[in-house]
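Letter by letter, the chains look like this.
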Amino acid sequence: MALFLTAAEAAEVRERFGTPCYVYDRATIEQAADRALALPHAFGRTVRYAMKANPNRAILEILRDRGLDIDASSDFEVERALRAGFTPARIMLTSQVPSPRLADWVGRGVLFNACSLHQLDAFGRAFPGREVTIRVNPGQGSGGTHRVNTGGPTSSFGIWHEHLDEAKSLAARHGVMLRGLHTHIGSGSDPAVWTRVVHLVLEIAGRLPDVRVVSLGGGYKVARMPGEKGTDLHVIGASARQAIQDFHKHTGRELHVEIEPGTYLVANAGVVVA
């Protein structure tokens with residue numbers, strides 16, 4: 001829990017703004033953002049803020065100015081990110097529910113991540129010949145419970161890896177180029193699991209010759225209580241970097257890596273003044 005307010009400052013907040021009032025520490029947010037931006041990489045990296053963690057406009061503006069892009073999970077989040085000053089090209093829409101405004105967003109330059117064969121087909125019909133990212137469930141996840149495990153057979157997120165040939169056929173039918181591969185395995189912090197998943201993802205990338213961007217998703221565990229172990233992005237990034245370098249040696253392809261921290265950036269940066 002953040003303890004960046006003194007008793008006197010808390011009293012001032014009560015007097016000026018009333019209660020309950022949410023107060024965030026800019027320095028804590030910026031430090032977390034800088035840790036994410038320091039992710040080891042081989043051929044470039046992008047950090048997208050999973051804004052469902054906290055869509056407060058002030059937080060969005062801090063992260064925008066720090067150099068982060070946006071992972072939006074709904075039409076509402078795309079609109080909110082645009083109003084916070086993010087250009088469309090810095091926003092990617094990744095939504096389990098098909099977007100009724102997809103044509104508008106893509107037409108304005110927002111990036112799209114197809115989370116199902118249905119979404120990929122809809123994108124191809126609307127935008128034949130364009131580039132797109134697909135979300136694939138690699139068959140393995142991480143997390144203490146099923147609720148925070150977003151990969152593997154218990155998760156409905158993404159195109160099941162065994163259906164990849166069908167996704168390729170859909171893309172070919174519409175002349176769509178699969179330029180990005182996205183995964184998200186959950187909120188565990190075990191580096192060994194992440195290492196295995198990275199290799200699974202690269203195996204999938206090997207079957208998608210046009211892929212140039214690989215997203216490892218988010219869900220990075222935050223240590224909130226004494227004794228809890230959070231995700232070490234440096235350890236995870238170093239492992240992914242080595243695997244991507246090995247992939248380059250065997251294929252000649254340079255993969256740009258993306259991550260999508262959300263709660264990781266803001267969980268310990270705020271308090272409620274009551």
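Thresholds, definitions, all that
Residues numbered from 1 in each chain as written. Predicted model: local features only at pLDDT ≥ 70, side-chain atom pairs only at ≥ 80, totals over all residues. Heavy atoms only, no water. Core = buried A, V, L, I, M, F, W, Y, C linked by side-chain atoms within 4.5 Å. Buried < 20%, exposed > 50% of the residue type's maximum accessible area, 1.4 Å probe, protein only. Helix = DSSP H or I, 4+ residues; strand = E, 2+ residues; numbered from the N terminus. Contact = heavy atoms within 4.5 Å. Polar contact = N/O pair within 3.5 Å; in protein donor to acceptor, adjacent residues only side chain to side chain. pLDDT = per-residue confidence, 0-100. 1 Å grid on protein atoms, 1.4 Å probe; cavity = no way out; pocket = protein on both sides within 12 Å on 5 of 7 lines; lining within 4 Å. Points joined across faces, edges and corners; volume = space filled by probe spheres on them. Pairing = 2+ DSSP bridges. Right-handed = clockwise from strand over helix to strand, strands pointing away. Arc of directions from axis to C-beta. Phe/Tyr/Trp six-rings, centres within 6.5 Å; stacked < 30°, edge-to-face > 60°. Nonpolar A, V, L, I, M, F, W, Y, C, P; charged D, E, K, R; others polar.

### Topic: the nonpolar core
Within the largest apolar cluster, 70 residues are counted, with the highest numbers of intra-cluster contacts made by Tyr49, Ile70, Ile91, Ile134 and Leu265. No other element matches helix 8 (residues 191-206), which puts eight residues into this core. The residues contacting Ile91, other than those within four sequence positions of it, are Arg48, Ile70, Ala72, Val78, Ala81, Leu82, Phe86, Val110 and Leu111. With five residues, the next largest nonpolar core counts Val13, Val23, Val271 and Val273 among its residues.

### Quick notes on the side chain of Thr94
Among the structural elements, Thr94 can be located in the loop between strand 4 (91-93) and helix 5 (102-108). In this structure the side chain of Thr94 is engaged in a polar contact, spanning 3.5 Å, whose partner is the side chain of Asp71. In this structure, Thr94 is in contact with Asp71, Ala72, Ser73, Asn113, Cys115 and Arg135, ignoring residues within four places of it in sequence.

### Points about the confidence of the model for the protein
Here the protein averages 89 in pLDDT, while 91% of its residues score no lower than 70. In the model, residues 141-155 has pLDDT below 50 throughout and makes 40 contacts with residues more than four positions away in sequence or in other chains.

### Topic: the layout of surface pockets
Counted as a void, the second largest pocket has a volume near 290 Å³. Lining the second largest pocket are 17 residues, and of these Leu111, Phe112, Glu131, Val132 and Thr133 lie nearest its centre. Mapped onto the lining of the second largest pocket, the elements with two or more residues apiece are strand 5 (111-114), strand 6 (131-137) and strand 8 (177-182). When residues of the lining of the second largest pocket are assigned to their parent elements, the largest contribution, three residues, is made by strand 6.

### A word on the pairing of strand 5
Note: strand 4 against strand 5, two bridges, orientation parallel. Looking at the pairing, Leu93 lines up with Phe112 of strand 5. After leaving strand 4, the chain enters helix 5 and then returns to the sheet as strand 5, a path that is right-handed. Pairing of strand 5 with strand 6, which is carried by two bridges, proceeds in the parallel orientation.

### Considerations on helix 3 (residues 57-66)
Buried within helix 3 we find Ile59, Leu60, Ile62 and Leu63. One side of helix 3 holds all its buried residues, which, seen down the axis, span an arc of 160°. Buried-residue contacts for helix 3 involve strand 1 (21-24), helix 2 (26-37), strand 2 (45-50), strand 3 (69-72), helix 4 (75-83) and helix 10 (263-266). Measuring from the backbone nitrogen of Ala58 back to the side-chain oxygen at the start of helix 3 gives 2.8 Å, which picks out Asn56 as the cap. Following helix 3 by one or two positions, Gly67 has its phi on the positive side, about 105°.

### A closer look at unusual backbone geometry
The omega torsion across Thr19 and Pro20 is -5°, close enough to zero to call that bond cis. You can see Pro20 is positioned in the loop between helix 1 (7-17) and strand 1.

### A look at the packing of aromatic side chains
Under the criterion given, the structure shown has three aromatic pairs. A ring pair is formed by Phe112 and Phe123, whose centres lie 5.7 Å apart and whose planes are at 15°; its orientation type is stacked. With Phe112 in strand 5 and Phe123 in helix 6 (residues 117-126), the pair connects residues that are eleven residues apart, well separated along the chain. The residues Phe112 and Phe123 share a single accessibility class, namely buried. Note on Tyr220 and Tyr264: the rings are 6.4 Å apart at their centroids and 80° apart in plane angle, and the pair reads as edge-to-face. Note that Tyr220 is positioned in the loop between strand 9 (213-218) and helix 9 (233-251) and Tyr264 in helix 10, a separation of 44 residues in sequence. Neither Tyr220 nor Tyr264 differs from the other in exposure class; each is buried. Taken together, the ring pairs in this structure connect Phe112, Phe123 and Phe127 into an aromatic cluster.

### Let's talk about empty space enclosed by the protein
Across all of its chains, the model carries one cavity of 30 Å³ or more by this definition. In this structure, the largest cavity encloses a volume near 40 Å³. Lining of the largest cavity is provided by Met92, Thr133, Leu181, His182, Val213, Val214, Ser215 and Glu258. Contributing elements (two or more residues each) for the lining of the largest cavity: strand 8 and strand 9. Looking at which element gives the most residues to the lining of the largest cavity, the answer is strand 9, with three residues. In the lining of the largest cavity, the residues fall into four nonpolar, three polar and one charged.

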